[in-house]
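A look at the structure
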Amino acid sequence: MPAEFLAAIQGAKSLYELIKATQGLSNSVEVLTAVSDVQQKLMDANAAALASQEKQASLAERVRDLETQLRAVEDWQKELERYQLVEFPNSKAFALKLRVQMANGDPVHYLCKACADKKQKTTLQPIDGQLHCPQSKQHSIWYD
Ligand SMILES: [Zn+2]
């Protein structure tokens, strides 16, 4: 149970005890003091309840953020399963090649390995015997 909630329950218990105690008070100063104490306890209980609500809202938001991140990781993993790491025989360069059986109508193509390692899906484009990465010239590879 959160500490704020325990404080609110404690405040409510103290409030009940204070109300019971006012029944035995003999003069108005004692009653006013008791009422003031009750008001303070109510304010404390309200503040504790508000803090608990804010904490719960914050935690719910964090859960939503983490669920979104988890979905993105799962989607990326699922997308990567459509590709196979291949090595070109002469250049020894690596790329991710679309598996024919998982093409779903897409033409066979290659993804940049360096970009995939950073969870970026970048399709390599063939130009003059090289596969060029649109993200970085340094990622471009010889595909022979
Ligand atoms: Zn790249």
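Scroll up for the structure.
The following paragraphs examine the structure supplied in this document.

Cut-offs used in this document
Residues numbered from 1 in each chain as written. Predicted model: local features only at pLDDT ≥ 70, side-chain atom pairs only at ≥ 80, totals over all residues. Heavy atoms only, no water. Helix = DSSP H or I, 4+ residues; strand = E, 2+ residues; numbered from the N terminus. Contact = heavy atoms within 4.5 Å. Areas by Shrake-Rupley, 256 points an atom, 1.4 Å probe, with all protein chains shown as cover. Pairing = 2+ DSSP bridges. Expected span 1.5 Å × (residues − 1). Buried < 20%, exposed > 50% of the residue type's maximum accessible area, 1.4 Å probe, protein only. Donors = N, O, S within 2.8 Å, 3.2 Å for Na, K, Ca; no water. Tetrahedral: all angles 85-135°; square planar, octahedral: opposite > 155°, others 65-115°. Core = buried A, V, L, I, M, F, W, Y, C linked by side-chain atoms within 4.5 Å. Salt bridge = Lys/Arg side-chain N within 4 Å of Asp/Glu carboxyl O. Polar contact = N/O pair within 3.5 Å; in protein donor to acceptor, adjacent residues only side chain to side chain.

Helix and strand counts for the chain come out as three helices and six strands. Along the chain direction, N to C, the helices and strands of the chain fall in the order α-α-β-β-β-α-β-β-β. Contacts in the chain between residues far apart in sequence, at least 24 positions, make up 29% of those at least 6 positions apart. Split by element, the accessible area of the chain, about 10600 Å² in all, is 55% carbon and sulfur.

In this section: the pairing of strand β1 (residues 83–87). For β1 and strand β2 (residues 94–98), the ladder comprises five bridges, and the chain directions are antiparallel. Looking across to β2, one finds that valine 86 is bridged to alanine 95. A loop of six residues connects β1 with β2, the two strands running antiparallel in sequence, and lysine 92 in this loop sits at a positive phi of about 60°.

A few words on the sheet that holds strand β4 (residues 125–127). Backbone hydrogen bonds are what pair the strands of a sheet, in a parallel or an antiparallel way. With antiparallel pairing, three strands are arranged side by side in an open sheet as β4-β5-β6. In this open sheet, the two edge strands, each paired with only one partner strand, are β4 and β6 (141–142). Two strands pair when backbone bridges link them, and strand β5 (residues 130–132) and β6 are joined in this way by two bridges, in the antiparallel orientation. From the neighbouring strand, glutamine 130 faces β6, where its bridge partner is tryptophan 142.

A few words now on helix α2 (residues 28–80). The end-to-end C-alpha separation of α2 is 78 Å, in line with the 78 Å expected for 53 residues at 1.5 Å each. Along α2, the residues that are buried comprise Ala34, Val38, Ala45, Ala48, Ser52 and Trp76.

This part is about the coordination of the zinc ion. The protein atoms that coordinate the zinc ion are Cys112 (SG), Cys115 (SG), Cys133 (SG) and His139 (ND1), at distances spanning 2.1 to 2.3 Å. The site at the zinc ion holds four donor atoms, and with the angles between them running 104 to 115°, its shape is tetrahedral. All donors of the zinc ion come from a single chain, and their spacing in sequence reads C-x2-C-x17-C-x5-H. Of this pair, cysteine 115 sits in helix α3 (residues 113–117) while cysteine 133 is found in the loop between β5 and β6, placing the two residues 18 residues apart along the sequence. Looking at cysteine 133, the relative accessible area reads 6%, which means it is buried.

A few words now on the nonpolar core. Listed in full, the ten residues of the largest apolar core are Val86, Phe88, Ala93, Ala95, Cys112, Cys115, Leu124, Leu131, Cys133 and Ile141. With residues up to four places along the chain from it excluded, the contact list for leucine 131 reads Phe88, Tyr110, Leu124, Gln125, Pro126, Ser140, Ile141 and Tyr143. In this structure, Trp76, Tyr83, Ala103 and Ala116 belong to the second largest nonpolar core, which totals seven residues.

Structurally, isoleucine 9 can be placed in helix α1 (residues 3–22). For the pair isoleucine 9 and alanine 48, spaced 39 residues apart in the sequence, the C-alpha separation amounts to 9.4 Å.

With that settled, the discussion passes to the pattern of salt bridges. Taken as a whole, this structure holds four salt bridges when the rule is applied. Between glutamate 79 and lysine 121 there is a salt bridge; the shortest N-O distance is 2.5 Å. Taken together, the positions of glutamate 79 in helix α2 and lysine 121 in the loop between α3 and β4 put the pair 42 residues apart, joining distant regions of the chain. Linking aspartate 106 and arginine 82 is a salt bridge whose minimum nitrogen-to-oxygen distance equals 3.1 Å.

With respect to the helices and strands, the residue serine 140 is situated in the loop between β5 and β6. By relative accessible area, which is 15% here, serine 140 ends up buried. Within the local environment of serine 140, its side chain forms a polar contact with the backbone nitrogen of cysteine 133, the two atoms lying 3.3 Å apart.

Interpretation note: all reported values are geometric properties and have no functional meaning in isolation.
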